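# Structure assessment
This is what each chain is made of:
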Amino acid sequence: MLDVKPPLTIDPDMTVDEIMRRWPATIRVFIRHRMLCIGCPIGVFHNLTDACDAHRLDEETVSRELLAAMTNDDLVSGPSVFETTGAR
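First things first, this report covers the structure right here in the doc.

Cut-offs applied
- Residues numbered from 1 in each chain as written.
- Predicted model: local features only at pLDDT ≥ 70, side-chain atom pairs only at ≥ 80, totals over all residues.
- Heavy atoms only, no water.
- Patch = residues over 30% accessible without salt bridge, like charges linked within 9 Å, V, L, I, M, F, W, Y side chains within 5 Å.
- Areas by Shrake-Rupley, 256 points an atom, 1.4 Å probe, with all protein chains shown as cover.
- Salt bridge = Lys/Arg side-chain N within 4 Å of Asp/Glu carboxyl O.
- Helix = DSSP H or I, 4+ residues; strand = E, 2+ residues; numbered from the N terminus.
- Buried < 20%, exposed > 50% of the residue type's maximum accessible area, 1.4 Å probe, protein only.

Here we come to a nonpolar patch on the surface. On the surface, a cluster of nonpolar side chains totalling about 310 Å² of accessible area is made up of I42, V44 and F45. Looking at the element boundaries, V44 is found in the loop between α2 (27-32) and α3 (48-54). Residue V44 is classed as partly exposed on the basis of its relative accessible area of 40%.

Let's shift gears to unusual backbone geometry. Positioned with a positive phi, R34 is a non-glycine residue whose angle comes to about 55°. Checked against the element boundaries, R34 lands in the loop between α2 and α3. Residue R34 is classed as exposed on the basis of its relative accessible area of 74%. One non-glycine residue, R56, lies in the positive phi region at around 55°. Tracing the chain through its elements places R56 in the loop between α3 and α4 (59-71).

Laid out in structure tokens, this is it:
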């Protein structure tokens, strides 16, 4: 088993789609803030700043909640869905 630590910050280039795929527990945060990112076709392009701007939310607050969810996620820091290393 990998000894992987949760992130201390959210990568500003990471899309909300990748955040939700890597840390499924973050989906609850998006839902709680009534963000329509789950299943949204723009989620693969929007980073957290874009999504918070679109929903008129305080990015610092949402980021703090997402990091807490990432820390408590059973699949913490799973592999990126966009990594191709070892893919066939």
